[in-house]
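Given next are the chains, with one letter for each unit.
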2 protein chains.
Amino acid sequence: MKLAIDSSQSSGSIALHDKGKLVYSAYFDLRVTHSETLMPAIDNAIKLSGVGPEALSEILVCVGPGSFTGLRIGLATAKGIAFARKIPVSSYNSLQMAAYPCTIAGKKILSVIDAKMKEIYVALYRPDLSLIENPQVIAPIDLLDWDLTDTIITGSGAPIVSEVLKDSAIKQNVAPSYFHTLKAELLFAISDLIPPTHYDAEALADLEPYYLRASTAQIKKKNSHNL
Amino acid sequence: MKLAIDSSQSSGSIALHDKGKLVYSAYFDLRVTHSETLMPAIDNAIKLSGVGPEALSEILVCVGPGSFTGLRIGLATAKGIAFARKIPVSSYNSLQMAAYPCTIAGKKILSVIDAKMKEIYVALYRPDLSLIENPQVIAPIDLLDWDLTDTIITGSGAPIVSEVLKDSAIKQNVAPSYFHTLKAELLFAISDLIPPTHYDAEALADLEPYYLRASTAQIKKKNSHNL
């Protein structure tokens, strides 16, 4: 049985896969922190499945980009279970997750996640999730220089992009909001398409959040050193 | 806050929407019956949201086709809460739900659900979920007479259809299994696209399962009468 975890955004989710099939998933975007919801949700899922933690053979986790604290909680949880059970962890980034539900359309996919502070995390994919433009953090207006012809725009940052592009010559194809939601079960689906970044039980220390930019605290610290 | 319920298949799921946004969802495909999982899941969802049942303003429910017992449990649960709270219930069928994740592709969608007993529930949709072929129960081989050019095949019955079509001249485009999963939150997404069948608190008695065919028990009873 495989466990998937995503706490990279304000929302969080977990999912269980058994014999290639989704058997359980839970998603929450409530005013409760990941530290309060994540482990109880995993515990509940395992109990409902009628098995114990010893049934877990692999953990899939989203490494970001996204919320700094959320990512730390998700990765710590994944590492903790993997360490205790001596099982491997596989990871994907949140832009791959946001892109996946649009792969069915067979077009280029602009995957966008709101990075706050007037920036977006963004990557451009082919329908097989191979990269056209690497994940990066940019100002939305910078997208005017990208080739977005015949491209589906998706992810939590899609409305921001839509607003920026509305006065441009680019004909927009924004996915409905259903397609923007990041869910842990997407990690299983992506693993059928592309190999994950893999960490065996000995390499867990190498599993780090994928921040794409320094946190506000890190920027402040750096700036204060430069004074 | 709106509650969505699907127990039309062996899997079951619930979801909560607040101010147009998914805030909670749970999905289970375990060896536990809907009668054991559905109400506790709804209770847990409402509690986690920090509100009470009085926050619910509408219920969306899947009416089938699917599992006879599952449908009865789902509809009874929806009616019970709606009756107690005097709120309306809206419904969609399971073939619309299975089709929705493929609407992003802009092609015709063949939505197929395994009806057991060597039959399938099937309907053919345009990308806006308008009907080309009405929901019906057929033998998979009957699809050889349908125009399935440039059509995405999806739903739990997609592998059955794929097997039947493999020796035909039809070029197949079967959605990956991620897209087949029926989830209650799809009910919210569909309601942005097409109006549901609506039952106000006084019309709840009209809300019936959408079976498409008689149950095995009903067929046996009818046959025994004809002896």
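Relevant structure appears above.
Residues numbered from 1 in each chain as written. Chains lettered and ligands numbered in written order. Predicted model: local features only at pLDDT ≥ 70, side-chain atom pairs only at ≥ 80, totals over all residues. Heavy atoms only, no water.

**Section: the overall build of chain A**
- Of regular secondary structure, chain A possesses six helices and 10 strands.
- Expected size for 227 residues packed as a compact globule is a radius of gyration near 17 Å; at 18 Å, chain A falls within 12% of this value.
- Viewed in the frame of its principal axes, chain A has a C-alpha envelope of about 55 × 50 × 35 Å.
- Taken over 227 residues, chain A has a buried fraction of 53%.
- Across chain A, every contact between residues at least 6 apart in sequence was considered, and the portion connecting residues at least 24 apart equals 65%.
- Counting every atom, chain A has about 10,200 Å² of accessible surface; 54% of that belongs to carbon and sulfur.
- Put simply, chain A has 21 plus and 23 minus side-chain charges, and the middle of one group is 4 Å from the middle of the other. (Helix = DSSP H or I, 4+ residues; strand = E, 2+ residues; numbered from the N terminus. Rg over C-alpha atoms; globule rule 2.2 N^0.38 Å. Buried < 20%, exposed > 50% of the residue type's maximum accessible area, 1.4 Å probe, protein only. Contact = heavy atoms within 4.5 Å. Areas by Shrake-Rupley, 256 points an atom, 1.4 Å probe, with all protein chains shown as cover. Lys, Arg positive; Asp, Glu negative; His and termini not counted. Charge placed at Lys NZ, Arg CZ, Asp CG, Glu CD.)

**Some details on the sheet that holds strand β8 (residues 131-138) of chain B**
Residues and elements named next belong to chain B.
- In spatial order, the strands read β8-β7-β6-β9; together these four strands make up an open sheet with mixed pairing. Only two strands of the sheet have a single partner each, and these edge strands are β8 and β9 (151-154). Across the sheet, the mean angle separating the axes of adjacent strands is 10° when strand polarity is ignored. (Pairing = 2+ DSSP bridges. Axes fitted to C-alpha atoms, helices over the stretch in contact; angles between N-to-C directions.)

**Details of the side chain of B:S25**
- Of note, B:S25 is situated in strand β3 (residues 21-28).
- Here B:S25 falls in the buried class, since its relative accessible area comes to 4%.
- The contacts of B:S25, once residues within four sequence positions are left out, are A:S25, A:A26, A:Y27, A:K183, B:I14, B:A15 and B:E185.

**Focus on the interface of chain A and chain B**
- With 29 residues of chain A in contact, the opposing surface of chain B contributes 29 residues.
- When the two sides are added together, the surface that chain A and chain B hide from each other amounts to roughly 2,600 Å², 61% of it contributed by carbon and sulfur.
- Interface area lost by chain A to chain B is led by A:L30, A:I104 and A:Y178, which between them contribute 24%.
- Our count for the chain A to chain B interface comes out at four salt bridges.
- One salt bridge connects A:K183 with B:E185, and the closest N-O pair in it is separated by 2.2 Å.
- The interface formed by chain A and chain B contains eight residue pairs in polar contact (both at pLDDT 80 or more).
- Within the residue set of the side of chain A that touches chain B, elements represented by two or more residues are β3 (21-28) and α5 (186-191) of chain A.
- Each residue belonging to the side of chain A that touches chain B can be placed in one class, and the counts come to 21 nonpolar, four polar and four charged. (Buried area = accessible area lost by both parts, 1.4 Å probe. Salt bridge = Lys/Arg side-chain N within 4 Å of Asp/Glu carboxyl O. Polar contact = N/O pair within 3.5 Å; in protein donor to acceptor, adjacent residues only side chain to side chain. Nonpolar A, V, L, I, M, F, W, Y, C, P; charged D, E, K, R; others polar.)

**Comments concerning the packing of helix α1 (residues 34-48) of chain A against helix α2 (residues 68-85) of chain A**
All names here are of chain A.
- At a minimum axis separation of 10 Å, α1 and α2 run at an interaxial angle of 30°. When the axes of α1 and α2 are compared, the pair comes out roughly parallel. Note that α1 runs across α2; the crossing there is right-handed. Residues H34, S35, L38, M39 and I42 of α1 touch α2, and the partners they reach there are G70, I73, G74, T77 and I81.
- In terms of residue class, the contact of α1 with α2 is made up of five nonpolar, five polar and no charged. (Parallel < 35°, antiparallel > 145°, perpendicular 65-115°, else oblique. Left-handed = near helix turned anticlockwise from the far one by under 90°.)

**Notes on the sheet that holds strand β9 (residues 151-154) of chain A**
All names here are of chain A.
- A sheet is described by the order of its strands in space; here four strands give the open sequence β8-β7-β6-β9, paired in mixed fashion. What marks the edges here is a single partner per strand, and that holds for β8 (131-138) and β9. Sheet twist, expressed as the average angle between the axes of neighbouring strands with direction ignored, equals 10°.
- In the sheet, strand β6 (residues 108-114) pairs with strand β7 (residues 120-125) via six bridges, with the strands oriented antiparallel. The residue of β7 that forms the bridge with I113 is Y121.

**Topic: the packing of aromatic side chains**
- Applying the stated criterion across every chain, the model contains 10 aromatic pairs over all chains.
- Both rings, one in A:F68 and one in A:Y211, keep their centres 4.4 Å apart while their planes meet at 35°; by these two values the pair is tilted. Taken together, the residues span a long stretch of sequence, with A:F68 in helix α2 and A:Y211 in the loop between β10 (197-199) and α6 (216-226) at a distance of 143 residues.
- Overall, A:Y211 belongs to the buried group, its relative accessible area being 18%.
- Plain terms: the ring middles of A:Y178 and B:Y100 are 5.4 Å apart, the flat faces sit at 90° to each other, and that makes the pair edge-to-face. With A:Y178 in the loop between α4 (158-165) and α5 and B:Y100 in the loop between α3 (94-99) and β6 (108-114), this residue pair bridges two chains. (Phe/Tyr/Trp six-rings, centres within 6.5 Å; stacked < 30°, edge-to-face > 60°.)

**Considering the environment of A:I190**
All names here are of chain A.
- Tracing the chain through its elements places I190 in helix α5.
- Placed 89 residues apart in sequence, I190 and P101 show a C-alpha to C-alpha distance of 9.7 Å.
- Not counting residues within four places of it along the chain, the set of residues in contact with I190 comprises Y92, Q96, M97, Y100 and L129.

**Points about the pattern of salt bridges**
All names here are of chain A.
- Taken as a whole and assessed by the stated rule, the structure comprises 22 salt bridges over all chains.
- Note that K47 is salt-bridged to D43, the shortest N-O span being 2.9 Å. With K47 and D43 both in helix α1 and four residues apart, this pair spans about one turn of that helix.
- Exposure remark for K47: the relative accessible area of 57% places this residue in the exposed category.
- Residue class for D43 comes out partly exposed when judged on its relative accessible area of 37%.
- For E208, the salt bridge identified is with R72, shortest N-O distance 3.9 Å. Of this pair, E208 sits in the loop between β10 and α6 while R72 sits in helix α2, placing them 136 residues apart in sequence.
- The partly exposed category is assigned to E208, whose relative accessible area is 42%.

Everything listed here is a matter of geometry and, on its own, says nothing about what the molecule does.
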